[in-house]
Amino acid sequence: MMNPLAGPAGPGKFSTRTDNLQMGSTAYGEGVETQAIQSGAPLSKTKDVRPARASDVREAATQGPVTELYAPSERPGEPITAGADIGDGPGSNALMMQKAITRNSDILAKMLPFDTDGSIAILYQQAVARGD
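Here the structure is a predicted model, which is why all the values come from computation and not from measurement.

Colleague: How do you make sense of the overall build of the chain when you look at a structure like this?
Modeller: From N to C terminus, the chain includes 4 helices and 0 strands. When the elements of the chain are put in sequence order from the N terminus, they spell out α-α-α-α. Within the chain, the proportion of its 132 residues that are buried is 8%. Counting contacts in the chain only where the partners sit at least 6 residues apart, residues at least 24 apart contribute 5% of the total. Of the accessible surface of the chain, which amounts to about 12400 Å², a share of 58% is contributed by carbon and sulfur atoms.

Shown next as structure tokens:
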């Protein structure tokens, strides 16, 4: 996008640089407002954004134990289906997480204030009749 103060950049000797131009003249006080805005709050300090060195990445990767893909199991007595609701071992109830049970009638009840044509009310009554 061209700087509006630079004017059009023509070809050859008529070209005008459009980069690095100042916005306004400080001679007539136009820069005073810009300086007041900049001094109103401290500018943020940029943290060190240099990328990590390769040696630092390698060192961090070797600090913890890495289990190889075909290593023997660290839990030989535990079935592979442990934690799943199928197969041997404890099911998902072993995770001690409660499943949220939301009935359709509860969802429809929240929508009733926005029902403009009565269709949600009919669905709500049907869901209540089914016990859903």
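Read on, since the account is not over.
Colleague: Help me out: how do you make sense of the pattern of salt bridges in this one?
Modeller: Opposite charge on two side chains permits them to pair, given that their charged atoms come into close proximity. Counted under the stated rule, the structure contains 4 salt bridges. The partner of Asp-56 in a salt bridge is Arg-53, with the nearest N and O atoms 3.3 Å apart. For Arg-53, a relative accessible area of 56% translates into the label exposed. Note that Arg-75 is salt-bridged to Glu-78, the shortest N-O span being 3.5 Å. Relative accessible area serves as the criterion here: at 57%, Arg-75 is assigned to the exposed category. Classification of Glu-78 by relative accessible area gives partly exposed; the value is 41%.

Colleague: Teacher, can you tell me more about helix 4 (residues 119-130) here?
Modeller: Think of an α-helix as turning once every 3.6 residues; residues three or four places apart then point the same way. The terminal C-alpha atoms of helix 4 lie 17 Å apart, and with 12 residues this matches the ideal 16 Å at 1.5 Å per residue to within 8%. In the stretch just after helix 4, Gly-131 is the one whose phi turns positive, near 80°.

Colleague: Can you walk me through the confidence of the model for the chain in this structure?
Modeller: Predicted confidence across the chain gives a mean pLDDT of 78, with 77% of residues reaching 70 or more. Per-element confidence in the chain ranges from a low mean pLDDT of 72 for helix 1 (residues 30-40) to a high of 93 for helix 4.

The rules behind the values
- Residues numbered from 1 in each chain as written.
- Predicted model: local features only at pLDDT ≥ 70, side-chain atom pairs only at ≥ 80, totals over all residues.
- Heavy atoms only, no water.
- Helix = DSSP H or I, 4+ residues; strand = E, 2+ residues; numbered from the N terminus.
- Buried < 20%, exposed > 50% of the residue type's maximum accessible area, 1.4 Å probe, protein only.
- Contact = heavy atoms within 4.5 Å.
- Areas by Shrake-Rupley, 256 points an atom, 1.4 Å probe, with all protein chains shown as cover.
- Salt bridge = Lys/Arg side-chain N within 4 Å of Asp/Glu carboxyl O.
- Expected span 1.5 Å × (residues − 1).
- pLDDT = per-residue confidence, 0-100.

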